[in-house]
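Residues per chain, in single letters:
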Amino acid sequence: MAPVMFEKVSRVHPGSDRPAVDGLHLEVADGEFLVLVGPSGCGKSTSLRMLAGLEDVDDGVIRIGDRDVTGLPPKDRDIAMVFQNYALYPHMSVAENMGFALKIARTPKAEIVRRVRAAARLLDLEDYLDRKPKALSGGQRQRVAMGRAIVREPRIFLMDEPLSNLDAQLRVSTRTQIAALQRRLGTTTFYVTHDQVEAMTMGDRVAVLKDGVLQQCDTPRKLYDAPANVFVAGFIGSPAMNLLTDVPVAGGVVRTGGIEVPLTRATIAEAATEGRSSITLGVRPESLRPGGPDEPGFDVTVNLVEELGADAYVHGSFVDSPRGSADLVARVGPQCRIAAGDRLRLCPRPGEWHFFSSATGDRLPA
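Cut-off values and rules
- Residues take numbers from 1 onward in each chain, read along the sequence in its written order.
- Residue-level local features of this predicted model are given only where pLDDT is at least 70; pairs of side-chain atoms are given and counted only at 80 or more, and the full residue set underlies all totals for whole chains, interfaces and linings.
- Only hydrogens and water are set aside when side-chain values are computed; all heavy atoms of the structure are taken into account.
- In this text, buried Ala, Val, Leu, Ile, Met, Phe, Trp, Tyr and Cys residues form a nonpolar core when linked through side-chain atoms within 4.5 Å.
- Think of it in three bands: with a 1.4 Å probe and only protein chains considered, a residue is buried below 20% of the maximum accessible area for its type, exposed above 50%, and partly exposed in between.
- When checking whether two residues touch, look at their non-hydrogen atoms; a contact exists if any pair is within 4.5 Å.
- What makes two strands pair is DSSP finding at least two bridges between them.
- A run of H or I in DSSP counts as a helix once it spans at least four residues, and a run of E counts as a strand once it spans at least two, with each numbered from the N terminus.
- A fitted line through C-alpha atoms represents every axis, and for helices the fit uses only the stretch in contact; the resulting angles, taken between N-to-C directions, go from 0 to 180 degrees.
- Expected helix span is computed as 1.5 Å times (number of residues minus one).
- Directions are taken from the helix axis to each C-beta atom, and the arc is the one they span.
- UniProt positions are given in the numbering used here, feature names are shortened, and annotations may be inferred rather than shown by experiment.

*Asks:* Outline the nonpolar core, supporting the account with residue identities and numerical values.
*Replies:* Counting residues in hydrophobic clusters, the biggest one holds 42 residues, and the most contacted among them are M98 and V208. In contact with M98, not counting residues within four places along its chain, are V116, A119, A120, L125, L129, V144, G147, R148 and V151. With 27 residues, the next largest nonpolar core counts V28, L48, V57 and V69 among its residues.

This is the structure we're talking about:
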């Protein structure tokens, strides 16, 4: 086990005019499960590949423990990777697949058997050690790939979207197993995914990337409750936060859709330094509720109701608003009888607003 440190690391792919990863400064604590998340092309897999030694570093330093590994080949970094593609040898049994790297390293046979059996117990694979990969389900194959990494007893686990090939139900159960297993082993883990739900449910901390630049790194709860900017606010959460742009500020309040939201002096002062008379307002779907006609709220026409059993998500467009077809999403209880085409007033819960700069998109103090 060891901490990992990216010190202002950058990578520019040949033929590109902008960095795939731009000045990444990030520390992963010893034994931590850190998830790197972001949209396609944001640089998360490139970051993992640089840590693995599979991608060159153009600027900056990568450290594993006390060692500068920036120029070291992968074999000298004491890491183990789990890929999106399981990459199992079809002609080998589960046990042979799991122990293959140890065999290549000339580990004594008795030690290979010991490690393979120990990993199989952890992963509930003891009954499958003699089977070939074609006789296993997708989830079992992924556990074999995990076992192949575990038997090496590395200092770092690197996982590059390892659940992408699994169906939805299996992804949920497997991500739970991986997170629980990592906590039992205590091995520092660097996990890459594009799925923000996966990131939020698995990581001790989550690092959000956009266009190669780190936007925020924090615990899942803090990312959700206090996103650093508009991008993180819109990316973290399913459904995403509702964002109302260029809402006018006047007399210490913002006014939109018949609602007045008082601002603190700190918010007003920060917004004023940018010379703007407007801010971006954010409100989570669960912070909106159906209200009566005399309550302050947003009048919307319901476009779609997503029924999820315990909850439902109402998607609506503003009525009689200069915002035109801008949408709001609200989470409501199953007892609400709402249908597409209905007109509805959605009322925000007091004190659950988020404020962002219209100029920079950065979070403003509440």
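*Asks:* Before we move on, can you summarise the sheet that holds strand β17 (residues 312-318) with the specific residues and values?
*Replies:* In space, the five strands of this open sheet follow the order β15-β19-β16-β17-β18, with antiparallel pairing throughout. Each edge of the open sheet is held by one strand with a lone partner, namely β15 (288-290) and β18 (327-332). Within the sheet, the average angular offset between the axes of one strand and its neighbour, ignoring direction, is 45°. The pairing of β17 with β18 spans six bridges and is classified as antiparallel. Counterpart to A312 in the pairing with β18 is V332.

*Asks:* Lay out the side chain of T174 in plain terms, naming residues and giving numbers.
*Replies:* Structurally, T174 is set in helix α5 (residues 168-185). T174 has contacts with L163 and L166, leaving out every residue within four places of it along the chain.

*Asks:* Account for α5, naming residues and giving values.
*Replies:* Here α5 spans 26 Å end to end across 18 residues, near enough to the 26 Å set by a 1.5 Å rise per residue. Among all positions in α5, only R171, T174, R175, I178, A179, L181 and Q182 are buried. End-on view of α5: buried residues confined to an arc of 165°, all on one side of the axis. Away from its buried face by more than 90 degrees, α5 exposes Q169 and R184. In this structure, the buried residues of α5 make contact with β3 (33-37), α3 (109-123), α4 (138-150), β7 (156-160), β8 (188-193) and α6 (196-202).

*Asks:* Explain the UniProt feature "domain: ABC transporter" (unreviewed entry) in the protein chain to me, using residue names and the numbers behind them.
*Replies:* The UniProt record marks residues 4-236 with the feature "domain: ABC transporter" (unreviewed entry), using the residue numbering of this structure. Regarding residues 4-236, the helix share stands at 36% and the strand share at 24%, and the terminal C-alpha atoms are separated by 24 Å.

*Asks:* So what's going on with unusual backbone geometry? Residues and values would help.
*Replies:* Negative phi characterises most residues that are not glycine, and trans characterises most peptide bonds. With an omega dihedral of 0°, the bond running from S238 to P239 counts as a cis peptide bond. Mapping P239 onto the fold places it in the loop between α8 (230-235) and β11 (242-250). The backbone of R106 sits at a positive phi, close to 60°, despite the residue not being glycine. In this structure, D124 is a non-glycine residue whose phi angle is positive, near 55°. Position of D124 relative to the elements: it lies in the loop between α3 and α4.

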